[in-house]
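A structural walkthrough
Below, each chain spelled out in residue letters.
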Amino acid sequence: MSFADAPRRTPQAPARPRGRRPLVIALVVVAALVVVVMLAAQFWTEVLWFTQLGYESVLWTEWGVRAALFAVGFLVMGGALFASLSVAYRSRPVYAPSTPEQATLDQYREAVEPLRKVVTWGAPALIGFFAGTAASGQWQTVLLAMNKVSFGQADPQWGFDLSFYVFVLPFLTFLVGFLLAVVIVSGIGALVTHYLYGGLRIGGAPNQGPRTTRAARIQLAVLAALLMLLVAVNYWLDRYSILNSQGDKFDGASYTDVNAVIPSKTILAILAVGVAALFVVAAIIGNWRLPAIGVGLMVVSAIAIGGIYPAIVQRFQVAPNQQELEAPYVQRNIDATSDAFGLDKVEAQPYTATTEATKGALREDADTTASIRLLDPQVVSPTFRQYQQNKQYYNFDATLAVDRYTLDDKSEDTVIAVRELNLGGLGNEQRTWVNDHTVYTHGYGVVAAYGSQTGSGGRPAFYEGDIPSTGKLTELGDGYEPRIYFSPQTENYSIVGAPEGTDPWELDYPDDSTDGQVKTTFGADGTVAGPSIGSFATKVLYALKFGSEQILFSDRVTEDSQILYDRDPRTRVQKVAPYLTLDGRVYPAVVDGRVKYIVEGYTTSNAYPYSAQRAIDEATQDSLTNSSASIQAIAPEKVNYMRNSVKATVDAYDGSVDLYSWEPEDPVLQAWEKVFPTAVKPMDEISAGLMSHLRYPEDLFKVQRSLLTQYHVTDARDFYTGQDYWRNPTDPTVPGDNKPLQPPYYLTLQMPGQDSPEFSLTSTFIPGGTTDREILTGFLAVDAEAGDEAGKKSADYGTLRLLELPRSSTVPGPGQVQSAFDSDADIANELNILNRGGSEVIKGNLLTLPVGGGLLYVQPVYVQSSGTPKIPLLRKVQVSFGDSIGFADTLDEALDQVFGGDSGVDAADADGDKASEVPDAPAEGDGATTDPTPAPSATTEPSATTEPSAAPTAGTGGGGDVTDPQAQLDQALADMQTAYDAADAALADGDWAAYGEAQDQLKAAIEQAVEAENALSGQ
């Protein structure tokens, strides 16, 4: 049978009506315009967004490199496959042997032939597209390889600079893998074509001639030789990649890897080169026997040399002497992990903690004790909302931030929240396009409360809040810009700005002294926060981008309008710095007259030789990431190198993003600075105001504490045995059996060896393994205070101070302490009473402090209504030191209970409640008035039927003389319910004087109930 092309006939095309051609052309042009406009709506709006922020070079660099890699990947893969198919087809035999096999293939040839050109062009284009897409995804790998920076440190096995492993080796591995895919796909295409058109036979007798044509033999042999050469290169690179292998006990190359696996990879690489040469010989002499033998030998060698030999070495040489033989390689792992994760900053010291609480034991820790934070930022958000939300279209994060501010020449731990825009608080009738996107455009102000002191009735003691903003932060310098246009909860786009002279329509804040509302126009002072949307073209693009035709037709979209979107600070930083891994928490600070969101940026790698691999999404999970939507889980990623190299800020008013180099010596950051030379500012440009609010990041600390459960052991032989491994405790305040880890806590404390208390991030350790024994084995605190000098980091910042308790220690861990609190009879009785009558007890964060020569535990206890509204108020404080427990209304009283009646210090709440320094502004929709200081009236004052009697005395309930304990308890419970009802009524009416009286009556009723409960227990 002949495969020669048949003579071509000139087809007689049917005559087409002339009227159709212009219509078809017009439809094609319109379709092309629609596609172009739709693409522009996505891509050009990104250009406008980046240009407005000043980071357009980041976008163009990323897109340019992606496009170049896509083109290269597409051309290499598609071109190679096209060439392989074309060469195979053009070199097909003119006459195929007359065999049953070829007769069967005739049917397929006839079916394929009409589609041959489509397949020849279409298959390479399709596969090339996928290859180009995969290649473009490696843009960061390619850029790092092209801009590598020396680490100045050699690996312990080959002596190469670590930059080879972090920057170059990942690129080479990707390149070889890509080329292997190209050769394999091209080979498959050649095989199929040659077989289909007779150049390759599978069946048939030997006397029917050679099974391959000369052309097929040469093409397939060359492709096979290229494949073997790439396999050889891959084996060679594996010799270096093995330094990042993951083992059962430690990561990095082990004794067996170094002495058996690496030599086997070398031998296999040489064999692969030899087999490649045999394929070249086969192409010349036409005999496949030699390369077939070579491939067989290579397979046997891979099994014997690459698999069996290392297994024999491991089983019979290493296993009986593993601790000694692996010691040098374990030490490499310890040293590399310490360098890669900053564990070289750990200052470990033994701490023989006492468990005996004696009088005056805290006298030397007066500053630390006075700074103990009582306000739990995870609990008090509803309380902030009730007292400071002001309007239903504002809201606070579910988990608030802990910071520190210098007030009256004293550093104060502070719980701070931003009053963010929350359109979900509006009624359905208010949710119009005009309101959503042009009226309700921003939040307003921050709310701050003392962390170590509480206000009246267990409320936070606010020192900044209200609308317009008042308080100590407003009084700092010239105050601050309170408008919040960019924040984590702001998801909708807003269109702001208006021509000069136009009446403002953006709602600024409610004000009863005017017409009820104060309005503003963003940009009237020349501030730019988003791309201009004044032209018709940009209106069309953004109308398509957001699927909103109102952008085209609204009179409020003018030449002076700006459009604000991607308003979450974390999103903005990730877009302008796509090479950074971002911390899960974003926190606000008032800095130099502006509200700034601070975002922690990490440079990471998974190619640091011998360092331990960690899945950072798993290492950073705790009870906060599991329960709080405001703290995002970090992106899944396995790393063995991590640096907090960038501190980023996002201005809450104009959305500007600033990236600051925090670890300028980091080679990975230096490489990215070569790629984007203007994106990251030097540390010198960090102002003193910003420096005073920067802190050590939580996610990095979580990864470090996870590693320190093992890597506090620095001796290789001890590390190998694992007998002194620790673990992080679970959060004892979370109900249920499968508890997440306890989060680290920011505290101001003075560690042993420190000269003064410092703002720190802390965590604890308990024994590892499968034991359920929760004694304390270690306490970790990192100096989180960045300093207060412009452009200068504190010398102690980042120092990890580890207190190692003796192995014979019996200091209780967090779980034991919580269990002791819960099982204490007196505490249980009172908490049970607090849980009755429509109320609910909430256990706050369990803080640990190394004071008094031991470990002090402090836990605030909150009570809130089980109905609506929920207002968690601090009612009690639990304290534990050794085996001693205190439970009182204040921290000062609880400490005195523990330390024999005199702790030796005055806690921050020793002088009683601290009055809030700003008026309350409850939210609408909860039955509360917006008047911050309402006067009680006859209609809102609790009546005789709802107001409980004066505080009962011993043996006397609210209804008179009651001597029976059960009757006394019943009366006290009735008084508690009455007081709750009175408090709810007063709260609904905004009568804060009556509310305070009801709270006092509730406290008296609770005390009476406790006394009655104790009397019943005695009977």
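All figures in this text were calculated on a predicted structure; none of them were measured in a lab.

**What to know about the overall build of the protein**
Along the protein, the regular secondary structure elements total 28 helices and 33 strands. Partitioning the intrachain contacts of the protein with sequence separation of at least 6 by distance along the chain shows that 71% fall at a separation of at least 24.

**Focus: the nonpolar core**
Counting 142 residues, the largest nonpolar core has Y55, L473, Y579, L659 and W672 as the members making the most contacts within it. Ranked by residue count, the leading element in this core is helix α6 (residues 162-196), at 10 residues. Counting 70 residues, the second-largest nonpolar core is a separate cluster that includes V415, L847, V879 and A1009.

**Examining the packing of helix α8 (residues 255-285) against helix α10 (residues 322-340)**
Where α8 meets α10, the axes come as close as 8 Å, and the angle between the chain directions of the two elements is 95°. When the axis of α8 is compared with that of α10, the two are roughly perpendicular. Of α10, the residues touching α8 (which contributes Y255, V258 and N259) are L325, E326 and Y329. Classifying every residue of the contact of α8 with α10 gives 4 nonpolar, 1 polar and 1 charged.

**Overview of the sheet that holds strand β16 (residues 594-605)**
An order of β15-β16-β19-β20-β21 is seen for the 5 strands of this open sheet, with the pairing classed as mixed. Taken across any chain shown, the strands that pair with only one partner, and hence form the sheet edges, are β15 (581-591) and β21 (680-681). Bridge count for strand β20 (residues 657-661) against β21 is 2 bridges, and the pairing is parallel. Bridged to L659 within β21 is V680. Packed on one face of the sheet, helix α20 (residues 667-675) meets β16, β19 (641-651), β20 and β21 and runs near 50° to β19.

**Observations regarding the pattern of salt bridges**
All told, the structure shown has 30 salt bridges when counted by the stated rule. Between D566 and K575 there is a salt bridge, with its nearest N and O atoms 2.5 Å apart. When its relative accessible area of 25% is taken as the criterion, D566 is described as partly exposed. Among the residues examined, K575 registers a relative accessible area of 17% and is labelled buried. Residues K702 and D699 are paired through a salt bridge, measuring 3.8 Å at the closest nitrogen-oxygen approach. On the criterion of helical spacing, the pair formed by K702 and D699 is a turn pair, its members being 3 residues apart in helix α22 (residues 698-711). Each member of the pair K702 and D699 is classed as buried. One network of salt bridges, in which partners are shared, links D408, K472, K914 and E917.

**Here we look at the packing of aromatic side chains**
Applying the stated criterion to the full structure yields 43 aromatic pairs. Geometrically, the ring pair formed by F43 and W63 is edge-to-face, given 5.5 Å between the ring centres and 70° between the ring planes. Pair noted here: F43 is in helix α1 (residues 20-53) and W63 is in helix α2 (residues 56-90), with a separation of 20 residues, a long-range link. Ring geometry for Y608 and Y641: centres 5.5 Å apart, planes at 15°, overall stacked. On the criterion of sequence distance, the pair formed by Y608 in the loop between β16 and β17 (614-615) and Y641 in strand β19 is long-range, its members being 33 residues apart. Each member of the pair, Y608 as well as Y641, is classed as buried.

**Some remarks on the packing of helix α5 (residues 139-146) against α6**
Between α5 and α6, the least distance of the axes is 8 Å, while the angle of their chain directions is 125°. Classified by the angle their axes make, α5 and α6 are oblique. Of the two elements, α5 crosses α6, and the hand of that crossing is left-handed. Residues T141, V142, L144 and A145 of α5 pack against F167, P170 and F171 of α6. In the contact of α5 with α6, the residues fall into 6 nonpolar, 1 polar and no charged.

**Let's talk about a nonpolar patch on the surface**
Taken together, the side chains of V280, V281, I284, I285, L290 and I293 present a nonpolar region at the surface, about 550 Å² in accessible area. Secondary structure elements with two or more residues in the nonpolar patch: α8 and α9 (289-318). With 4 residues, the top contributor of residues to the nonpolar patch is α8. Inspection of the secondary structure puts V280 in helix α8. Since its relative accessible area comes to 43%, V280 is described here as partly exposed.

**Quick notes on unusual backbone geometry**
Residue P468 is bonded to the preceding I467 through a cis peptide linkage, with omega at -10°. Checked against the element boundaries, P468 lands in the loop between β8 (460-465) and β9 (470-471). In the Ramachandran plot, D409 falls in the positive-phi region, its phi being about 65° despite a non-glycine side chain. Tracing the backbone shows D409 in the loop between β3 (401-407) and β4 (410-418). The exposure class assigned to D409 is exposed, which follows from its relative accessible area of 80%.

**Some points on helix α12 (residues 381-388)**
Among the 8 residues in α12, 7 count as buried, and that is most of the element. Along α12, the residues that are buried comprise S381, P382, T383, F384, Q386, Y387 and Q388. Positioned one or two residues after α12, N390 has a phi angle of 80°, which is positive.

**Side note on the pairing of strand β23 (residues 745-749)**
Of all 5 residues in β23, 5 are buried; the element is thus mostly enclosed. Burial along β23 is two-sided: Y745, L747 and L749 facing one way and Y746 and T748 facing the other are all buried. As judged from the 5 bridges shared by β23 and strand β24 (residues 758-767), these two strands associate in the antiparallel manner. Residue pairing across strands places T748 opposite F759, the latter belonging to β24.

**A look at the sheet that holds β3**
Pairing in this open sheet of 5 strands is antiparallel, and the strands run β3-β4-β7-β8-β9 from one edge to the other. For this open sheet the edge positions go to β3 and β9, each flanked by a neighbour on one side alone. Pairing between β4 and strand β7 (residues 446-454): 5 bridges, direction antiparallel. Bridged to T414 within β7 is Y450. Helix-sheet contacts for α12 involve β4, β7 and β8, and the interaxial angle to β8 is about 55°.

**Some points on the environment of D883**
Within the secondary structure, D883 sits in the loop between β30 (873-881) and β31 (884-888). Each C-alpha atom of the pair D883 and A357 lies 8.2 Å from the other, and the pair is 526 residues apart in sequence.

**Topic: the side chain of E830**
Of note, E830 is situated in helix α25 (residues 825-834). Among all residues touching E830, those that are not within four sequence positions of it are K876, F887, I1006 and V1010.

**Some thoughts on α1**
Taking 1.5 Å per residue as the helical rise, α1 with its 34 residues ought to reach 50 Å, and the 49 Å between its terminal C-alpha atoms agrees with that figure. Tucked into the core, α1 has its buried residues touching α2, α15 (536-546), α17 (569-576) and β20.

**Some remarks on the pairing of β7**
A large share of β7 lies buried, amounting to 9 of its 9 residues. As paired elements, β7 and β8 share 3 bridges and run antiparallel to each other. Considered in β8, the bridge of A449 is made with F462.

**Let's talk about the side chain of S763**
Along the polypeptide, S763 turns up in strand β24. Take S763: its relative accessible area is 6%, and that puts it in the buried class. Among the polar contacts made by the side chain of S763, one reaches the side chain of R705 at a distance of 2.8 Å.

**A look at the confidence of the model for the protein**
When pLDDT is averaged across the protein, the result is 87; 88% of the residues are at 70 or more. Ignoring residues within four places in sequence, the model shows residues 925-962, a span with pLDDT below 50, making 67 contacts including any to other chains.

**As for the environment of L669**
In this fold, L669 is placed in helix α20. In this structure, the C-alpha to C-alpha distance between L669 and V680, residues 11 residues apart in sequence, is 9.3 Å. When sequence neighbours within four positions are dropped, the list of residues in contact with L669 reads T603, S645, V646, S661, E663 and P664.

Conventions we followed
- Residues numbered from 1 in each chain as written.
- Predicted model: local features only at pLDDT ≥ 70, side-chain atom pairs only at ≥ 80, totals over all residues.
- Heavy atoms only, no water.
- Helix = DSSP H or I, 4+ residues; strand = E, 2+ residues; numbered from the N terminus.
- Contact = heavy atoms within 4.5 Å.
- Core = buried A, V, L, I, M, F, W, Y, C linked by side-chain atoms within 4.5 Å.
- Buried < 20%, exposed > 50% of the residue type's maximum accessible area, 1.4 Å probe, protein only.
- Axes fitted to C-alpha atoms, helices over the stretch in contact; angles between N-to-C directions.
- Parallel < 35°, antiparallel > 145°, perpendicular 65-115°, else oblique.
- Nonpolar A, V, L, I, M, F, W, Y, C, P; charged D, E, K, R; others polar.
- Pairing = 2+ DSSP bridges.
- Salt bridge = Lys/Arg side-chain N within 4 Å of Asp/Glu carboxyl O.
- Phe/Tyr/Trp six-rings, centres within 6.5 Å; stacked < 30°, edge-to-face > 60°.
- Left-handed = near helix turned anticlockwise from the far one by under 90°.
- Patch = residues over 30% accessible without salt bridge, like charges linked within 9 Å, V, L, I, M, F, W, Y side chains within 5 Å.
- Areas by Shrake-Rupley, 256 points an atom, 1.4 Å probe, with all protein chains shown as cover.
- Expected span 1.5 Å × (residues − 1).
- Polar contact = N/O pair within 3.5 Å; in protein donor to acceptor, adjacent residues only side chain to side chain.
- pLDDT = per-residue confidence, 0-100.

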